[in-house]
Amino acid sequence: MSRVEAVQMIQPSQSLFRDFSGSIVASFKLNYTDNHVLNLYGSGEACVRGRFILPNGTGWFTLAFTPATRADVYGGAYYLYLTIRASIYDVDTGRLLASMTLGDNGIVQIPNQPRPWFLITVDLSQWTTLTKRIELTICKPSGIYVYGRYIIDAVVYAAVPARSYAEPFALESPGRGTLVKPPTGTSQLYNGTYLAIPGFTPPPGYALGSARASVVIRTCSPSAPSSVSIYWGPLYIGAVSRIQGVDGCYYYVVTPADFRGGFDVAIRSSLYLGGALHAVYIGPFNNDVYNTGLRIDQLRVEGLYRPEMNARSSIVFSRAAAYWGYITLSSFITVYTYQRDVPIIAYGSKVDIKFSATGASYTTPDLIIAVQKYDGMLHCGKISFVVRAYSNGQPVTLKFGRATGVYQQGGNLNPDWVDLFVDFISNLLDETKNAVSQSVLKVVSWVSFTIGVVQAASFVSIDRLETQDGGVLYTVSMGSLAPGAIVIEGGSLSPQLLTLRPIEFRIERIQMSCADSVYSFGDYWIYLDPMVSSHSSQNIHIFRTFTCGKQEIGELSPLTCSPSIYG
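**Quick word on the pairing of strand 4 (residues 60–65)**
When you tally the buried positions in strand 4, you get 5 out of 6 residues, the bulk of the element. In the sheet, strand 4 pairs with strand 9 (residues 118–123) via 6 bridges, with the strands oriented antiparallel. The residue bridging Phe-61 from the neighbouring strand is Val-122, located in strand 9. Looking at chain direction, strand 4 and strand 12 (residues 154–163) are connected through 4 bridges and run antiparallel. Within the sheet, the bridge partner assigned to Phe-65 lies in strand 12 and is Ala-154.

**Observations regarding the pattern of salt bridges**
Taken as a whole and assessed by the stated rule, the structure comprises 14 salt bridges. One salt bridge in this structure joins Arg-300 and Glu-302, with 2.4 Å as the shortest N-O distance. The class of Arg-300 is buried, set by a relative accessible area of 11%. Arg-506 is the partner of Glu-508 in a salt bridge, and the nearest nitrogen-oxygen pair spans 2.7 Å. Judged by relative accessible area, Glu-508 falls into the buried class, the value being 8%. Sharing partners across several salt bridges, the network here consists of Arg-388, Asp-469, Arg-506, Glu-508 and Asp-523.

**Regarding helix 2 (residues 260–272)**
End to end, helix 2 covers 18 Å across 13 residues, agreeing with the expected 18 Å (1.5 Å per residue, within 8%). Looking at helix 2, one finds that the buried residues are Gly-262, Phe-263, Asp-264, Ala-266, Ile-267, Ser-270 and Leu-271. On its buried side, helix 2 packs onto strand 1 (21–28), strand 12, strand 16 (212–219), strand 17 (227–232), strand 18 (235–244) and strand 21 (294–305).

**Structural notes on the sheet that holds strand 1**
Pairing is antiparallel in the open sheet, where 4 strands are placed in the order 1-12-4-9. Each of the sheet's edge strands pairs with one partner strand only, and the pair in question is strand 1 and strand 9. The sheet shows a mean angle of 20° between the axes of neighbouring strands, taken without regard to direction. Set on the sheet, helix 2 makes contact with strand 1, strand 4, strand 9 and strand 12; between it and strand 12 the angle comes to about 130°.

About the cut-offs
- Residues numbered from 1 in each chain as written.
- Predicted model: local features only at pLDDT ≥ 70, side-chain atom pairs only at ≥ 80, totals over all residues.
- Heavy atoms only, no water.
- Buried < 20%, exposed > 50% of the residue type's maximum accessible area, 1.4 Å probe, protein only.
- Helix = DSSP H or I, 4+ residues; strand = E, 2+ residues; numbered from the N terminus.
- Pairing = 2+ DSSP bridges.
- Salt bridge = Lys/Arg side-chain N within 4 Å of Asp/Glu carboxyl O.
- Expected span 1.5 Å × (residues − 1).
- Contact = heavy atoms within 4.5 Å.
- Axes fitted to C-alpha atoms, helices over the stretch in contact; angles between N-to-C directions.

See below:
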């Protein structure tokens, strides 16, 4: 039998950028549906309001109340009693199309707390051909005596048509060569369990039907199960049978063509809930497999997404930041210290790398790096990667635009784009811990087991060096006591282009170091095109952007993603 190799994934191209046509998943919050506190005193009505636009071709939207929605009221409560009203307007004419009140007899009873969530769908099918403005009102109705507060936390979800361009996104964890093997004498604890691998939250704007995966897992145990199951959160993806390689070991291989429908459903459901489900489960594996060891040769999920709901002719592209590149990398390691014979998970970092480009400055994007520490874990010590640029297949030398900065989440001195990025990553709900604890699956670990020593330090340092071949090397070093959520300004990357031409940025040689283990990741390409800046001149299609944190409608001038306007 031939040797098992990882499969080549999506690559960007000019045709991908210009010829895309499909539906994308719009998943966002509003100012007053983001963990908003509604203070209640007696029987009077108390309301919050929000508004957003959905493009023509959109036939519905869903309001998904998350488990953070709750009633903290005197005497306790089994439900939140809410009146939810939606007014639908034709954007082009300003005409009121309909006003509707949802629920039985005008009142919606939402369980306190919704477990796991509570969904309300609004039918817009009779106005599919129109661009629609939705004005939403959520109230505690009058006549119901409540003392205390309601916390409103909900995600707006819709599938909207999109054309003209797409970008590939890549989610990879934990790197090639990772070995899962419990310490001697503890493997019985893991018999019949699943691997739990977090770090797989797809971005808003996911293009329906584009999801694919490349998974290669190897074990040399003679007792390897004939097949294993794969889940995304609680959602079943499918089963994959083992094959035997020339080395006599068994491989479980998922190719891009396998389970595409299953992954599509899972990603839709994930963004349906605001990005709440982002752990991949694989198994179950028996004690003999764990004792022999599992090697993860590849675990990567890719797809297409639209960073914006807008058409390229929208002025938003010339006057507001748009994220063009999206890469997520995660690495995990278990350092065994024992408390009453229970091993403690120690290291786990999630890194999001994005390019932020505005209008004609598409050739000089800002590189933004977000590093988040998983709950109950410590930061990995070092992250490094190289950025290079190409135009029409030829290398382009990169120059630096400004100094590098580091911002802890919640700081108020950050540039606007850093604030927006912090909003973006914080608005994607991190439910991995809850998903693991509430899952019907028996979960073994966060992927990697090893022995190591925890070195505690509180600094974060960033080095940026120009390499001899015209690329830029980034190295981020963090102590284990560094802040849990960090945003790093990588500076502007200025390629030496004489004319407006398409440009491709390539991120390669990615490594993450945790204790004594080093994780290596694949290469990624981001394709930028001057077509957008040349078309971005009309005040049309002002659907708010996924990159503005919240999706509120603001004034057309100035059209910015200012937190004061959009939250």
